[in-house]
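What follows is each chain in one-letter form.
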Amino acid sequence: MAETFASWSEVTGLDLVRYGTTADADEIRDTAVAQPLLVGAGLAAATAVLGPLTAPEAALPANPSFVDATAGHSVGEFTAAAIAGVLSPKDALALVAERGRGMADAAARTETGMTAVLGGKREDVLAAIEAAGLTPANDNGSGQIVAAGTIAQLAAFAENPPERARLRPLSVAGAFHTEHMAPAVERVRAAARGLSPADPSVRLLSNADGAVVGSGTEYLERLVAQISSPVRWDACTQTLADLGVTALIELTPAGTLTGLAKRALRGVELLAVKTPDDLERAGALIKEHAGTAPSASTQQEG
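Below is a short write-up of the structure. (Residues numbered from 1 in each chain as written. Predicted model: local features only at pLDDT ≥ 70, side-chain atom pairs only at ≥ 80, totals over all residues. Heavy atoms only, no water.)

### Here's the deal with the overall build of the protein chain
Phase 1 of the analysis: Per the secondary structure count, the protein chain includes 13 helices and nine strands.
Phase 2 of the analysis: In terms of C-alpha radius of gyration, the protein chain reaches 18 Å, essentially the compact-globule figure of 19 Å for 302 residues.
Phase 3 of the analysis: Its C-alpha atoms give the protein chain principal-axis dimensions of about 55 × 45 × 35 Å.
Phase 4 of the analysis: Put simply, the protein chain has 302 residues, and 52% of those count as buried.
Phase 5 of the analysis: In the protein chain, the share of contacts with a sequence separation of at least 24, taken over all contacts with a separation of at least 6, comes to 71%.
Phase 6 of the analysis: Carbon and sulfur atoms make up 51% of the accessible area of the protein chain, which totals about 12600 Å².
Phase 7 of the analysis: Here the protein chain contributes 23 positively and 35 negatively charged side chains, and the mean placements of these two sets differ by 4 Å. (Helix = DSSP H or I, 4+ residues; strand = E, 2+ residues; numbered from the N terminus. Rg over C-alpha atoms; globule rule 2.2 N^0.38 Å. Buried < 20%, exposed > 50% of the residue type's maximum accessible area, 1.4 Å probe, protein only. Contact = heavy atoms within 4.5 Å. Areas by Shrake-Rupley, 256 points an atom, 1.4 Å probe, with all protein chains shown as cover. Lys, Arg positive; Asp, Glu negative; His and termini not counted. Charge placed at Lys NZ, Arg CZ, Asp CG, Glu CD.)

Dropping the structure here:
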């Protein structure tokens, strides 16, 4: 794996090993670092569980029922793209590195942020977000919506929160998945033009609307557009339910999506891969549910 991380570090222009092991919190808080680091961690876990993700045409074992569906939250869509064979790991990492740099630059133009809204009636929360001039940047379902916009807008929102809702400011670089990220969209789209995406080898869900996307070209365009568009994880969760998933594995870093799934996907066996000890269990879980629609899922902010 050391050689793999060396090659991944080369394409991202970052020392992923150092950032993932000895760097301090301030260093990895920079979204230009955090995004490729998160995708690298997810790809490393996926490789340990699924086998080498070497190229689009050989992303998964020959049996397509090995994993039935894959989805990523926000930057996790890049990990999902590599798992499904749309992009090679190197292409996914090179593109997400450009995304991180572009979003960091866009965030520096205006002071923006994000606040999680927990609880409250969905319609009341969305109305309050709209009234404050904010964007529901992440609609995560299970009573969690993330509002994003300028610091001034978020401050006004905090003074008049939705009824029965709790607000939790998030430690992020800016208002991701909003119009404030528009400059990053064009930057990443230009970088994506040099790629040749393959069609997914398994069901691949899109954050835009939860749809299963069968075209690699379409998924790549959605991946780029998502930078300034809201994440509809609630719709992805509904699609997983409609597909009849029986198990869900959340790749490193893990915990948030399985937490949401406990409420939204009752009866589905859940596993968050947090430590190396969880990798063996993930492989066993896939074998247990092979042919009955297990799903691999990644979750990262940014």
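### Focus on the packing of helix 4 (residues 31-50) against helix 13 (residues 277-289)
Phase 1 of the analysis: At a closest axis distance of 9 Å, the pairing of helix 4 and helix 13 adopts a crossing angle of 55°. Relative to helix 13, the element helix 4 lies oblique. In this structure, helix 4 meets helix 13 at a crossing whose hand is right-handed. Facing helix 4, whose interface residues are Ala45, Ala48, Val49 and Leu50, helix 13 presents Leu279, Ala282, Gly283 and Ile286.
Phase 2 of the analysis: Counted by class, the contact of helix 4 with helix 13 contains seven nonpolar, one polar and no charged residues. (Axes fitted to C-alpha atoms, helices over the stretch in contact; angles between N-to-C directions. Parallel < 35°, antiparallel > 145°, perpendicular 65-115°, else oblique. Left-handed = near helix turned anticlockwise from the far one by under 90°. Nonpolar A, V, L, I, M, F, W, Y, C, P; charged D, E, K, R; others polar.)

### Notes on empty space enclosed by the protein
Phase 1 of the analysis: Applying the stated criterion across every chain, the model contains three cavities of 30 Å³ or more.
Phase 2 of the analysis: There is about 60 Å³ of room inside the largest cavity.
Phase 3 of the analysis: Taken together, Asn140, Ser142, Trp233, Thr237, Leu240, Leu248, Leu257, Leu260, Ala261, Ala264 and Leu265 make up the lining of the largest cavity.
Phase 4 of the analysis: Of all the secondary-structure elements, those providing two or more residues to the lining of the largest cavity are helix 11 (233-243) and helix 12 (256-264). (1 Å grid on protein atoms, 1.4 Å probe; cavity = no way out; pocket = protein on both sides within 12 Å on 5 of 7 lines; lining within 4 Å. Points joined across faces, edges and corners; volume = space filled by probe spheres on them.)

### Let's talk about the environment of Glu163
Phase 1 of the analysis: In this fold, Glu163 is placed in the loop between helix 8 (151-159) and strand 5 (165-169).
Phase 2 of the analysis: C-alpha separation for the pair Glu163 and Gly120, spaced 43 residues apart in sequence, amounts to 6.0 Å.

### Here's the deal with the sheet that holds strand 3 (residues 135-141)
Phase 1 of the analysis: Read from one edge of the open sheet, four strands run 3-4-2-5, paired in antiparallel fashion. Every other strand in the sheet has two partners, leaving strand 3 and strand 5 as the edge strands with one partner each. On average, each strand axis in the sheet is inclined to that of its neighbour by 25°, with strand direction left out of account.
Phase 2 of the analysis: As defined by bridge partners, strand 2 (residues 112-119) adjoins strand 5 across five bridges and the pair is classed as antiparallel. (Pairing = 2+ DSSP bridges.)

### Regarding the pattern of salt bridges
Phase 1 of the analysis: Tallied over the entire structure, the rule returns 16 salt bridges.
Phase 2 of the analysis: Ionic pairing is found between Arg232 and Asp139, a salt bridge with its closest N-O pair at 3.8 Å. Of the two residues, Arg232 sits in the loop between helix 10 (216-225) and helix 11 while Asp139 sits in strand 3, which places them 93 residues apart along the sequence.
Phase 3 of the analysis: Looking at Arg232, the relative accessible area reads 31%, which means it is partly exposed.
Phase 4 of the analysis: In this structure Asp139 comes out as buried when scored by relative accessible area, which is 4%.
Phase 5 of the analysis: Between Arg232 and Asp234 there is a salt bridge, with the nearest N and O atoms lying 2.8 Å from each other.
Phase 6 of the analysis: Taken together, the shared-partner salt bridges in this structure form one network comprising Glu98, Arg101, Asp105 and Arg187. (Salt bridge = Lys/Arg side-chain N within 4 Å of Asp/Glu carboxyl O.)

### A closer look at the side chain of Gln226
Phase 1 of the analysis: Tracing the chain through its elements places Gln226 in the loop between helix 10 and helix 11.
Phase 2 of the analysis: A distance of 3.3 Å separates a polar atom in the side chain of Gln226 from the backbone nitrogen of Ala208.
Phase 3 of the analysis: Beyond its immediate sequence surroundings of up to four residues, Gln226 is in contact with Glu77, His177, Asn207, Ala208 and Val231. (Polar contact = N/O pair within 3.5 Å; in protein donor to acceptor, adjacent residues only side chain to side chain.)

### Concerning the pairing of strand 7 (residues 247-251)
Phase 1 of the analysis: Along strand 7, five of the five residues are buried, which leaves the element largely enclosed by surrounding structure.
Phase 2 of the analysis: Judged by which residues are buried, strand 7 turns out to be covered on both faces: Ala247, Ile249 and Leu251 on one side and Leu248 and Glu250 on the other are all buried.
Phase 3 of the analysis: In this structure, strand 7 lies alongside strand 8 (residues 269-272), joined through four bridges in parallel fashion. Opposite Glu250, over in strand 8, you have Ala272 as the bridge partner.

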